[in-house]
Amino acid sequence: MATFLYKLGRLAFRRRHFVALIWVALLTLAGVGAASAPTAGTTSFSIPGTEAQKAFDLLEERFPGTSADGATARVVFKAPSGEKMTDADNKATVEKAVSDLADGTEVASVADPYTGNAVSKDGTIAYASVKYDVSGMELEDTTKDALEDAAQQARDAGLTVEIGGDALQAVPHTGTTEIIGIAVAAVVLVITFGSLVAAGLPLLTALIGVGIGVASITALASALELGSTTSILAMMIGLAVGIDYALFIVSRYRAELAEGREREEAAGRAVGTAGSAVVFAGLTVVIALVGLAVVNIPMLTKMGIAAAGTVAIAVVIALTMVPALLGYAGRRVKPNGAKGRLLGGARKGSDKSEREGAEEPAKQPKDNLGTRWARFVVRRPLAVLLLGVIGLGAAALPAASLELGLPDDGSQPTSTTQRRAYDLLSEGFGPGFNGPLMVVVDAKGSDAPDQVFTDVSDEIKGLDGVMAVTPPAPNKSGDTATITVVPDSKPSSVETEDLVHAIRDAGAGIEADTGAETLVTGSTAMNIDVSEKLNDALLPYLVLVVGLAFLLLIVVFRSILVPLKAALGFLLSVMAALGAVVAVFQWGWLSGLMGVEETGPVMSMMPIFMVGVVFGLAMDYEVFLVTRMREAYVHGETPDQAVVTGFRHGARVVTAAAVIMMAVFAGFIGSSESMVKMIGFGLAIAVFFDAFVVRMAIVPAVLALLGKKAWWLPKWLDRALPNVDVEGEGLRTAGDGKGGPDEDRELVRT
């Protein structure tokens, strides 16, 4: 592989105009496609194999034309202090608002509070339910304006009015902190390279890659039903890995220049060595993201595949466009140890050799911080290992209290009208009113459907945790009915989850007696089913992703214990990161600093998502850092010396890469979408734990303790495995001259 990538790097360097033209053309094509694509509609949130989804499908079949997936709105009215909603003036104001709402072209129905028993017992709060023909993302702006205008007119009349539901659903935004994250990445790159040009290369290539990826997702969003969160996730991961992969190659290029190689040769060798690490690091990320399909939740599968595609683009750009841009940059990218203009280095070449194009090897630098740290770890490996493991274990302790759920209006900021409507409904009708359960009774095979409907309703009324049960509402043919159940606990509570299971258990008994099937659905039941499905899929997903990556790393490192250590270290970091997420988003620690206005259950897809993404990203640093160690070991250094050499060349780059990735992820903490905010924080803290505790401390400590055993591989397995030559051994044996294999042969001929 190293030889192939070496040739690719040199080709891209020589044919830089052609390479740059191709990528600019692809970016333009993707941009045109995104601009001309139709606006994406609602994301289909189907959960195959769950009871809630089965009930939803049955509703669409037995209750045609009810727009089961249409947008809904609850316009909540509260009377001024000392008044009631039944007072004549307040009642007239509400009826006027209901009449105005009913005139909308996309409105399917509006329920009057006074005829639909939607006034609280104390008479201070009422609500009108509005049902639309289309989804929230497909509503016309005029329809949303009409909804807000009706609410405002009621406010002008003296009522407190808030709007809940998904009718006012907006595309999430990430805020200015995303720009701050990119700015931090730029500062880190400048400090790392000491040159604006060298620092700009990773940023430019990453932005081009993300631009192509996100524009492609936008162009395909309508056809593939991709949600807005899909492009945000792809941007988040694409930016982070795109900058890191380019950073790895530019850093190796500068190291090759420092050894006195010509620029084209240095570009080829940088792609042949660091590029090999980039390929395998990218493969682990792609495996982890595509593996999300195992969960069998279409939305999660699409998010994973879209992000994986963006990562693949980042890999290809790093292997082709980075060496092409290095060709354009010329002498503005200095060798390691040589100061650029930014740090007071020499201006234009003043000596003859520079004017003629020869490279001056940089002086051997003094021991850097990475070298000194590695020597410290090698001297005290057991103490460093125990401290790292105990520290991560302590950070992981809150994960034992992990509660899972999906966000609803109750998790929205208190500044939003949706959250205020949620609170008003809880105040007037009880906490369970915001999460009603819909029970669907399929009595098609029963001789007395009406009696079955009554029996189910009576059975539910006798269960603990039930506040209200509406009378059965049968369809036109009379074989299926819906019953709305209002719990006496909030939607995300354990008590509501227990009630859902209790209704299903009762329905199983009724089915055994009558043959009628009882199903529970609604957003609350759907959330519970999603959480359980994700929990059930976590272990198989973990085995699949870690297993495949473990096999891949055996091929890369030609070792059994090094990949095993990498996997165990990842588990430590991801558990510590989950503990931090629980502490902030569930317990409320530092919630004000993170902009978390409402604590509650952790998003149900967070554990499995973090397992996939963090594993892929963690292997980036493992591959880049440890391949340097293996490269030194196979060339004759002792295991301890190889650890120090790996840190001498890789610690600075891995540190910069980790800080950049943390900055990019942390930039998404400012998102208005609670899911994106939580993902951004979780990934940022996970990268911190994995890069600085696991890879920088635990990994060298374990390798120092294992010694030569770390690189042990059974002979039969060594013969069976393909030789991918990540370390670039083929480049060394082909020619050790500073000009490379081709130049060496040319020198012999001359």
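Located above this text is the structure these notes cover.
So, a few notes on the structure that sits alongside this text.

Parameters at a glance
Residues numbered from 1 in each chain as written. Predicted model: local features only at pLDDT ≥ 70, side-chain atom pairs only at ≥ 80, totals over all residues. Heavy atoms only, no water. Pairing = 2+ DSSP bridges. Helix = DSSP H or I, 4+ residues; strand = E, 2+ residues; numbered from the N terminus. Axes fitted to C-alpha atoms, helices over the stretch in contact; angles between N-to-C directions. Contact = heavy atoms within 4.5 Å. Buried < 20%, exposed > 50% of the residue type's maximum accessible area, 1.4 Å probe, protein only. Patch = residues over 30% accessible without salt bridge, like charges linked within 9 Å, V, L, I, M, F, W, Y side chains within 5 Å. Areas by Shrake-Rupley, 256 points an atom, 1.4 Å probe, with all protein chains shown as cover. Salt bridge = Lys/Arg side-chain N within 4 Å of Asp/Glu carboxyl O. Lys, Arg positive; Asp, Glu negative; His and termini not counted. Charge placed at Lys NZ, Arg CZ, Asp CG, Glu CD. Phe/Tyr/Trp six-rings, centres within 6.5 Å; stacked < 30°, edge-to-face > 60°. Lys NZ or Arg CZ within 6 Å of the ring centre and 35° of its normal.

**Structural notes on the sheet that holds strand β1 (residues 72-78)**
Hydrogen bonds between backbone atoms are what pair the strands of a sheet, whose relative direction is either parallel or antiparallel.
At step 1: Strands sit in the order β2-β3-β1-β4 across an open sheet of four strands; the sheet is antiparallel. Looking at strand neighbours, the two that pair on one side only are β2 (107-111) and β4 (160-165), the edges of this open sheet. Geometrically, the sheet is characterised by an average inter-axis angle of 20° between neighbouring strands, direction not taken into account.
At step 2: Of the strands in this sheet, β1, β2 and β3 (125-132) are in contact with helix α4 (residues 88-102), which crosses β2 at around 165°.
At step 3: Contacting β1, β3 and β4, helix α5 (residues 141-156) runs over the sheet at an angle of about 150° to β4.

**Notes on the environment of K444**
At step 1: As for its position among the elements, K444 is in the loop between β6 (437-442) and α15 (449-461).
At step 2: Residue classification places K444 among the exposed positions, given a relative accessible area of 55%.
At step 3: Placed 71 residues apart in sequence, K444 and G515 show a C-alpha to C-alpha distance of 8.8 Å.
At step 4: Non-local contacts of K444, meaning those with residues more than four positions away in its chain, are made with R62 and D479.

**Observations regarding the side chain of D690**
At step 1: Inspection of the secondary structure puts D690 in helix α22 (residues 674-706).
At step 2: The contact partners of D690, leaving out residues within four places of it in the chain, are G569, F570, S573, A618 and R695.

**Examining the pairing of β6**
At step 1: With five of its six residues buried, β6 lies for the most part within the structure.
At step 2: Bridging between β6 and strand β9 (residues 480-487) involves six bridges; their strand directions are antiparallel. Paired with D442 across the strands is T480, a residue of β9.
At step 3: Summarising the sheet, β6 and strand β10 (residues 517-521) pair through five bridges and their orientation is antiparallel. Pairing of V441 across the sheet is with T518, part of β10.

**Some details on a negative patch on the surface**
At step 1: Where like charges cluster on the molecular surface, the negative patch consists of E140, D141, D145, E148 and D149.
At step 2: Tracing the sequence through the fold places D141 in helix α5.
At step 3: The exposure class of D141 is exposed, given its relative accessible area of 56%.

**Quick notes on the pattern of salt bridges**
Any two side chains of opposite charge can pair, given that their charged atoms come close.
At step 1: One pass over the structure, following the stated rule, counts 20 salt bridges.
At step 2: In this structure, the salt-bridge partner of R504 is E51, at a minimum N-O distance of 3.0 Å. In this pair, R504 sits in helix α16 (residues 494-514) while E51 sits in helix α3 (residues 51-62), placing the two residues 453 residues apart along the sequence.
At step 3: Residue classification places R504 among the buried residues on the basis of a relative accessible area of 13%.
At step 4: Ionic pairing is found between R261 and E256, a salt bridge with its closest N-O pair at 2.7 Å.
At step 5: Of the residues examined, E256 reaches a relative accessible area of 4% and is grouped as buried.
At step 6: One connected set of salt bridges, linked through shared partners, spans R10, R14, E264, E265 and R269.

**A word on a nonpolar patch on the surface**
At step 1: On the surface, F18, I22, L26 and L29 cluster together to form a nonpolar patch covering roughly 390 Å² of accessible area.
At step 2: Note on placement: L26 falls in helix α2 (residues 16-36).

**A look at the packing of aromatic side chains**
At step 1: If you walk through the whole model with that rule in mind, you get nine aromatic pairs.
At step 2: Both rings, one in Y633 and one in W711, keep their centres 5.7 Å apart while their planes meet at 20°; by these two values the pair is stacked. Here Y633, found in helix α20 (residues 606-634), pairs with W711, found in the loop between α22 and α23 (715-720); they are 78 residues apart in sequence, far enough to count as distant.
At step 3: Relative accessible area serves as the criterion here: at 10%, W711 is assigned to the buried category.
At step 4: Both rings, one in F688 and one in F692, keep their centres 5.7 Å apart while their planes meet at 45°; by these two values the pair is tilted. Pair noted here: F688 and F692 are both in helix α22, with a separation of four residues, about one helical turn.
At step 5: Site record: aromatic cluster; members linked through ring pairs are Y127, F429 and F433.
At step 6: Cation over ring: R16 sits above F13, and NZ or CZ is 5.3 Å from the ring centre.
At step 7: Directly above the aromatic system of Y114 lies the positively charged group of K91, at a separation of 5.2 Å from the ring centroid.

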